[in-house]
Amino acid sequence: MLTALATAAGEPLTLTEREIPAPGQGEVLVRITACGICHTDLDVLQGHWPIARFPVVPGHEITGVVTAAGPGVSWPQAGACVGAQFLGDSCRHCDHCVRGEQILCPAKRITGIVMDGGYAEYAVLKADFVTPLPEGLDPVAAAPLMCAGLTAFNSLRQAGIAATSRVAVIGAGGVGALAIRYAVAMGARVTAIGRSRRGEAAAREMGAERFIATQDTDPAEALRAWDGGANLILNAAPSTSAASATLTGLAPDGTLVLCGYGPEPLTLPTQPMALNRLHAMINPSGSPHDLRDTLAFSVAHGILPEVTPVGLRDANTVLDTMAAGHAGKRSVITFG
C-alpha cells in the first residue's frame, strides 16, 4: 500500500510502499476512503507535539470501509462504513473511560501522532474507537467531521451553549466554519471574528449576524457593544493571542473555549475574570459518543464542510500552503 510517512520533526512527508497490515486482537483493517488534512498534522511535522512517535503515518480525519476484523471483534464486520478520529485508544478501565469520557484517559493514544493514521491506503484501527457512518453520509465530505466537526460541536456544548447564547467564533476556517453553522443550528446568535473583512460575506452566509475585523477594531470592545458581550467565545484560529485579545469581550459568567491555539501561553486578565466570573477552557476533541452525536446532528441539519479532494502525493504541498496561512477549503485526501 502507498503510505505518507512522517519520519522526523522538521522533515516533509516521505511517500513509501508498505505491506498491508493485518489486524490484531480487538482491531479492524480499514480500507481508507478519505482522510482530511488537519492543522494538527502540520503541528506534528513542525515538532509541536513532543509525544509524537516517529516514524508515524499522520491523519486522524478518517473514513473508510472495514475489510477484515481481528480476533475478538464482533463489530464492526467487513463491509461496514466507519469513521475514525483523533482519539485512537484508551486504557478502558480508568474512571474517565468507564464513564464514557475516554478523551480524558491519562493513557489515551492519539491517531496519527502515536498510532498510524489515515495518510495511507489502509489503516489498522481499534474496533472500539471506530464510529459507524450514518446511512447516506458522503464519506469524503464527512472526513473533516471526525476532527473539525467533532471539536467544534463538542466545544460548543462543553462550554454550555444555549438557544439564548451570543456566540463569537474567531476564525472561519475548517473548525470555525462548522462552529458558526452548528451554533446557528442550535439557535444561538453568532458573531464571526477575522483579521480582515475578506471572510465577512461567507460568514454571514453561514448565519453570522455580525462580523468583526480585528485590523479595524478592538474585538473585545466590539463584543462588549453586542448587547453586553458574548456568552461564549470559540477560538478556532491557530493563535493563542487571538483568543487572549477577546476575553474581556465576554458577558459576565461567559466562557472562552480554545479549539485552536499556538505555542505561546494563554495570558488571562485576572481582575476582569474575577469580577465577572469568566471561564477559560481548552477542549480536546471528544470521546466516541461525542463523535456519534456530531455525525447525527450534522446529518439532521445538513451541515457538511466544503472540501477540496486531493491525492496522497499532494499532501506535502497542501501542508506547505497551510503553513503559509493560505489554506482555502478543507483538503481531503481521497483514495480511488
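The shown structure was predicted, so the numbers you read here are calculated from the model rather than taken from an experiment.

Participant: Looking at this model, I keep getting lost on the pairing of strand β4 (residues 61-69). Mind explaining?
Facilitator: As a general feature of sheets, a regular strand has side chains that alternate between the two faces. Bridging between strand β3 (residues 27-36) and β4 involves eight bridges; their strand directions are antiparallel. Residue pairing for β4: Cys35 is matched across the bridge by Ile62. One ladder, built from four bridges, connects β4 with strand β5 (residues 81-84); its direction is antiparallel. If you follow Ile62 over to β5, its bridge partner there is Ala84.

Participant: Can you help me understand the environment of Gly254 in this one?
Facilitator: Residue position: Gly254 is located in strand β14 (residues 250-258). Overall, Gly254 belongs to the buried group, its relative accessible area being 1%. Sequence separation of Gly254 and Val44 is 210 residues, and the distance between their C-alpha atoms is 32 Å. Non-local contacts of Gly254, meaning those with residues more than four positions away in its chain, are made with Asn231, Arg277, Leu278 and His279.

Participant: Explain the UniProt feature "domain: Enoyl reductase (ER)" (unreviewed entry) in the protein chain to me, please; I cannot follow it from the model alone.
Facilitator: Look at the UniProt record and you will see "domain: Enoyl reductase (ER)" (unreviewed entry) annotated at residues 10-333. Taken end to end, residues 10-333 is 27% helix and 25% strand, and its two terminal C-alpha atoms sit 22 Å from one another.

Participant: Help me out: how do you make sense of the nonpolar core in this one?
Facilitator: Taken as a class, soluble globular proteins show a tendency for nonpolar side chains to be buried jointly. Counting 36 residues, the largest nonpolar core has Leu156, Val167, Tyr182, Leu232 and Leu234 as the members making the most contacts within it. For this core, the secondary-structure elements that each account for two or more residues are α4 (148-158), β10 (166-170), α5 (174-185), β11 (189-194), β12 (210-213), β13 (230-235) and α10 (288-301). Among the elements that make up this core, the one with the highest residue count is α5 (six residues). Filtering out sequence-adjacent residues up to four positions away, Leu234 remains in contact with Ala152, Ser155, Leu156, Ala168, Val169, Ile170, Ala179, Val257 and Cys259.

Participant: In this structure, what is going on with the packing of aromatic side chains? I would like to understand it.
Facilitator: Think of a pair of aromatic rings as described by two things: how far the centres are apart, and how the planes are tilted against each other in angle. One pass over the full model with this rule turns up four aromatic pairs. Their ring planes at 75° and their centres at 5.6 Å tell us that Phe153 and Tyr182 sit as a pair that is edge-to-face. You can see Phe153 sitting in helix α4 and its partner Tyr182 sitting in helix α5, a full 29 residues away along the chain. An identical accessibility class is assigned to Phe153 and Tyr182; each is buried. Every member of this aromatic cluster is reached through a ring pair, and the members are Phe153, Tyr182 and Phe297.

Scoring rules and cut-offs
- Residues numbered from 1 in each chain as written.
- Predicted model: local features only at pLDDT ≥ 70, side-chain atom pairs only at ≥ 80, totals over all residues.
- Heavy atoms only, no water.
- Pairing = 2+ DSSP bridges.
- Helix = DSSP H or I, 4+ residues; strand = E, 2+ residues; numbered from the N terminus.
- Buried < 20%, exposed > 50% of the residue type's maximum accessible area, 1.4 Å probe, protein only.
- Contact = heavy atoms within 4.5 Å.
- UniProt positions renumbered as here; feature names shortened; annotations may be inferred.
- Core = buried A, V, L, I, M, F, W, Y, C linked by side-chain atoms within 4.5 Å.
- Phe/Tyr/Trp six-rings, centres within 6.5 Å; stacked < 30°, edge-to-face > 60°.

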